[in-house]
Amino acid sequence: MIIFDRFVLDNGLRVLVHEDHSTPMAVVNIMYDVGSRDENPEKTGFAHLFEHLMFGGSIHIPDYDEPLQRAGGENNAYTTNDLTNYYCQVPAENMETAFWLESDRMLSLAFSEKSLKVQKKVVCEEFKEHYINKPYGDVWHKMRELAYTIHPYRWMTIGKELSHVEKIHMDDVKHFFRKHYCPVNAILVVAGAVHLEKVKRLAEKWFGSIPMGEKYMRQLPSEPRQTEARKSEVFSDAPLDAFIKTWHMDARLNKGYYVMDLATEILGGGSSSRLFQSLVKEKQLFSGLDCHHFGSIDNGLIAIEGKLVKGVDLDTASKAIDEEIEKIQSEMVNESELQKVKNKTESIIAFEDMGVMSRANSLAMYELLGDANLMNTELEKYHTVSVADIQAHCKEVFRQDNSNTLFYHCK
Amino acid sequence: MINRLIAPETIDAVHMKLQLKPYEHFTLDNGVPVYSIDAGAQDVLMLEWVFYAGNWYEEKNIVAATTNFMLKNGTTQKTAFAISEHFEFHGAYLNRSCYNETAVITLHCLNKHLSLLLPIVAEMMTDCIFPEEELAIYKQNQKQRLEVNLKKCDFIANRLIDEYIFGFHHPYGRYTSTVDYDQLQREDLVAFYQKYYTKGKCLVFVAGKPPADLAKQLNHSFGHLPLNQFGLPDIQFKPEPSEVKKYNIVNDAAGVQGAIRIARPIFNRHHPDFAKVQVLNNIYGGFFGSRLMSNIREDKGYTYGIHSYLQNHLNDSAWLISTEAGRDVCEATIEEVYKEMLILQNEPIEDGELDLVRNYMIGSLLGDLDGPFQIIGRWKTYILNYLTEAYFYNSIQTVQTVTSEELQDLAKKYLKPEEFTELLVV
């Protein structure tokens, strides 16, 4: 049970406080309700580039990192398709430094031309390092384009192509900042060796006077129900054939999300999972295999992907996957198999909750989903899933006409 | 109105009191030492069995890593599947990793399942059978994985730079080829297993919220095993750094980035300059605010990241600069790396920068000591390196007191471009 307090400033900033006096540190975590799904399709990768620009100086403070490091703190940030999160950890005595820094960049950035110029280059190198200069680096670019026709999950957080990042202007930056980076679109979590009253005082002092801004009303096109199987083939100079198949699944808060999360584990979690045992160990069609999903807030994708053992052809591998899918659709999974993945989930949650930084991040995430207390009811939701639920949802999700298959051929 | 131009008052982290929580220590009936940290809020545990079974002790390439990997792949009583199923059913994670001197088995679990899991871990230390079928699958999949990795310039660069610094004969400089997998025999694994696991030298580290009967439970499963009865063979390797100081390798003619590694041999933690060099390294390339990062990423945008670090070896070590940079700016990046060395040699570090790094290092250490797994991790490093807690407090004192002059002298001594080996893989 994670205990926390919650209050809202007059400008709409939601503040959550989680005290844990077993650590000497304080964590200050700010989540903004903006991700790459909120981008203009012609300027993808912007939310992530913007995250870099948040470190390029704010209106009163030329450098974000330096004063924080001087206070003994460390920080980082990440952007996903759904959200952008900034977090820092600092000795609790110096917590106010984080309030000062975070509030100043919420008030206004410095909008430095130099920072924009340099960070565009840095992000392009990040793009190259992870998505171009690696075998199979483009797999998920291609899969997202295949699986989504109109929803902005069609592109990756890093962006569709380098040129999108390159053509971003300072006007875009200013507009994006005003639209998304205001108190009413943000959640502040303060955790660790902190006291509620002090956090209230500091939040009011540093964030209270920032203009509220306008609540961002997200109106994304929802992806129409897929009615026909899609397939695409890629030829590359990667050394092994690879197979990826995805199916659309429920949004984060729906029951189907929890059911399919467990089904993912049954199929592909660990070396006792069905796909690993059958296709890597027994049939030896794949040299490695994964079944996973992205935990997306909107309707996401469940994926099975793996590299083929040399000499096996993609059709054979694909059929073998289909057989496993048919099996989980036609026969109920064992109670003990379901119990296993529930036990694993319980354990994952317990380990995740060990670190105060991870707890702060989860609180912000659940608050963004609508209610921070969801963090405390999550395990219960997994416990209510039955073997019949698994079968019913697998039948619904793993339909061929809901599937997207990518054959990645080596030369 | 508040004045946002003025930073809030801070307490210098450098003066904060840091304490390394002491461990509980006891010995099993067979002499296996156990080190334990009780510092958790959650009812979870991490247990680590450290064996001296790294590639330092193998006579044939990749035997140590393969033996370690296959500990989970079958015993006289259980198939690979049954072993995985047992741990996973109880929500536990059983991992194994092989390093240079040591190889470990790590268990993460909820306390309530511990007694059901320990006997199986013990079985993995005494009853592994290394089935031919499992070995064949492993070889096939590892060879294919290697083939994918060999397409990556960073992977190639990491292998080669170690070879250039230590020599291929040395466990730190050696790497694997397809032929090594082909030549692996089941008998190699069995022999290595018996010598270095079943009758090997073992230490146990525990962290989390250990149950009151931890010693009893461990003794029950492990206290009677023939561990720690025989001494380790005395095997020594001498590094043979390459005479050539500059390498250019083309791995992918169409690649858009190059992997840069620039390295020199350096001493280990027992050298009197080690702690001071750590401070110098932080200033040079050890954190986000370092000079390499500020110049090469934040000013020039040549790379997503550039880091320098001292390798974490028990014996001889290396000081390394590592980055992936745009193909057209690799040469310019390398030039800046050397330029920053010379600046550290020629100009004293200003107080402001040095104070910042001191505070950052102490603050970061304070954060690192947060939680039982982190605390035991630090103790494990010390114990395996034959260091005591004095090392912890002396290192802190060094961070607090090392002077700008001392750091400049160290830069003159160790940051000499001509003593570094440079590698660019595109």
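All values derive from a computational prediction rather than experimental measurement.

Parameters at a glance
- Residues numbered from 1 in each chain as written.
- Chains lettered and ligands numbered in written order.
- Predicted model: local features only at pLDDT ≥ 70, side-chain atom pairs only at ≥ 80, totals over all residues.
- Helix = DSSP H or I, 4+ residues; strand = E, 2+ residues; numbered from the N terminus.
- Rg over C-alpha atoms; globule rule 2.2 N^0.38 Å.
- Buried ≥ 20, exposed ≤ 12 C-beta atoms within 10 Å, placed from the backbone.
- Contact = placed C-beta atoms within 7 Å.
- Pairing = 2+ DSSP bridges.
- Axes fitted to C-alpha atoms, helices over the stretch in contact; angles between N-to-C directions.
- Arc of directions from axis to C-beta.
- pLDDT = per-residue confidence, 0-100.
- Parallel < 35°, antiparallel > 145°, perpendicular 65-115°, else oblique.
- Nonpolar A, V, L, I, M, F, W, Y, C, P; charged D, E, K, R; others polar.
- Left-handed = near helix turned anticlockwise from the far one by under 90°.

1. Some details on the overall build of chain B
Okay, so step 1: Helix and strand counts for chain B stand at 15 helices and 11 strands.
Okay, so step 2: Computed over its C-alpha atoms, the radius of gyration of chain B comes to 24 Å, within 12% of the 22 Å expected for a compact globule of 426 residues.
Okay, so step 3: Principal-axis analysis of the C-alpha atoms places the extent of chain B at approximately 65 × 55 × 45 Å.
Okay, so step 4: By residue count, 44% of the 426 residues in chain B fall in the buried class.
Okay, so step 5: Put simply, 80% of the contacts in chain B that link residues at least 6 apart link residues at least 24 apart.

2. Some remarks on the overall build of chain A
Okay, so step 1: Counting secondary structure elements, chain A contains 15 helices and 11 strands.
Okay, so step 2: Relative to a compact globule of 411 residues, whose C-alpha radius of gyration would be 22 Å, chain A shows 23 Å and is just as compact.
Okay, so step 3: Once the C-alpha set of chain A is aligned to its principal axes, its extents read approximately 65 × 45 × 35 Å.
Okay, so step 4: Scored against the burial criterion, the 411 residues of chain A give a buried share of 52%.

3. A short note on the sheet that holds strand E2 (residues 14-19) of chain A
Residues and elements named next belong to chain A.
Okay, so step 1: With respect to topology, six strands assemble into an open sheet ordered E1-E2-E6-E3-E5-E4, the strand pairing being mixed. Each edge of the open sheet carries a strand with a single partner, namely strand E1 (5-8) and strand E4 (74-79). The mean angle between the axes of side-by-side strands here comes to 15°, regardless of whether they run parallel or antiparallel.
Okay, so step 2: As judged from the seven bridges shared by strand E3 (residues 25-32) and strand E6 (residues 186-192), these two strands associate in the antiparallel manner.

4. A closer look at the sheet that holds strand E2 (residues 33-38) of chain B
Residues and elements named next belong to chain B.
Okay, so step 1: In space, the six strands of this open sheet follow the order E1-E2-E6-E3-E5-E4, with mixed pairing throughout. The outermost strands of the open sheet, each flanked by one partner alone, are strand E1 (24-27) and strand E4 (93-98). Adjacent strand axes in the sheet meet at a mean angle of 15°, parallel and antiparallel pairs treated alike.
Okay, so step 2: Here strand E3 (residues 44-51) runs beside strand E6 (residues 202-208); their pairing, made up of seven bridges, is antiparallel. Bridging across to E6, tryptophan 49 finds its partner in valine 204.

5. Brief notes about helix H15 (residues 387-397) of chain A
Residue and element names in this part refer to chain A.
Okay, so step 1: When we look at burial in H15, the residues that qualify are Ile390, His393, Cys394 and Val397. For H15, the arc enclosing every buried residue in end-on projection is 105°, short of the 170-degree limit, so these residues lie on one face.
Okay, so step 2: Against strand E8 (242-248), helix H9 (255-268), strand E10 (301-308), helix H11 (314-330) and helix H12 (335-352) lie the buried residues of H15.

6. With respect to the interface of chain B and chain A
Okay, so step 1: At the interface, 56 residues of chain B touch 58 residues of chain A.
Okay, so step 2: For the side of chain B that touches chain A, the secondary structure elements donating two or more residues are helix H2 (80-89), strand E5 (103-110), helix H4 (132-149), helix H10 (291-299), strand E9 (303-310), strand E10 (317-326) and helix H12 (351-368) of chain B.
Okay, so step 3: Of the residues forming the side of chain B that touches chain A, the biggest block, eight residues, is contributed by H12 of chain B.

7. Focus: the confidence of the model for chain B
Okay, so step 1: When pLDDT is averaged across chain B, the result is 96; 100% of the residues are at 70 or more.
Okay, so step 2: Here the prediction assigns the complex a pTM of 0.95, and the interface score ipTM is 0.93.

8. Observations concerning the packing of H9 of chain A against H12 of chain A
Residue and element names in this part refer to chain A.
Okay, so step 1: The interhelical angle for the contact between H9 and H12, taken along N-to-C directions, is 110°, at an axis separation of 9 Å. Overall, the two elements H9 and H12 adopt an arrangement that is roughly perpendicular. When H9 is examined against H12, the residues Leu262, Glu265 and Ile266 are found in contact with a partner set consisting of Glu337, Leu338, Val341, Lys342 and Lys344.
Okay, so step 2: Across the contact of H9 with H12, the residue classes tally to four nonpolar, no polar and four charged.

9. Quick look at the packing of H12 of chain B against helix H14 (residues 389-401) of chain B
Residues and elements named next belong to chain B.
Okay, so step 1: It is at 8 Å that the axes of H12 and H14 come closest, and there the two elements cross at 155°. Classified by the interaxial angle, the pair formed by H12 and H14 is roughly antiparallel. By crossing handedness, the relation of H12 to H14 is classed as left-handed. Across from Arg358, Met361 and Ile362 in H12, the residues of H14 making contact are Ile396, Val399 and Gln400.

10. Points about the environment of asparagine 295 of chain B
Residues and elements named next belong to chain B.
Okay, so step 1: Positionally, asparagine 295 belongs in helix H10.
Okay, so step 2: Overall, asparagine 295 belongs to the partly exposed group, with 19 C-beta atoms counted inside 10 Å.
Okay, so step 3: In this structure, the C-alpha to C-alpha distance between asparagine 295 and isoleucine 306, residues 11 residues apart in sequence, is 9.9 Å.
Okay, so step 4: Excluding anything up to four places from it in sequence, asparagine 295 contacts Lys300, Glu336 and Glu340.

11. Notes on the pairing of E6 of chain B
Residues and elements named next belong to chain B.
Okay, so step 1: Most of E6 is tucked away, with seven of its seven residues classed as buried.
Okay, so step 2: For E2 and E6, the ladder comprises five bridges, and the chain directions are parallel. Residue pairing in the sheet places isoleucine 37 in a bridge with alanine 207 of E6.

12. Description of the pairing of E5 of chain B
Residues and elements named next belong to chain B.
Okay, so step 1: Here E5 lies mainly inside the structure; seven of its eight residues are buried.
Okay, so step 2: As paired elements, E3 and E5 share eight bridges and run antiparallel to each other. Along E5, the bridge assignment pairs valine 50 with valine 104.
Okay, so step 3: Hairpin connection, E4 to E5: the antiparallel pair is bridged by four residues.

13. Looking at the environment of serine 404 of chain B
Residues and elements named next belong to chain B.
Okay, so step 1: Mapped onto the secondary structure, serine 404 falls in helix H15 (residues 404-414).
Okay, so step 2: Remark: the alpha-carbon pair of serine 404 and leucine 280, spanning 124 residues in sequence, is separated by 9.6 Å.
Okay, so step 3: Excluding residues that lie within four positions of it along the chain, serine 404 makes contacts with Pro348, Ile349 and Leu354.

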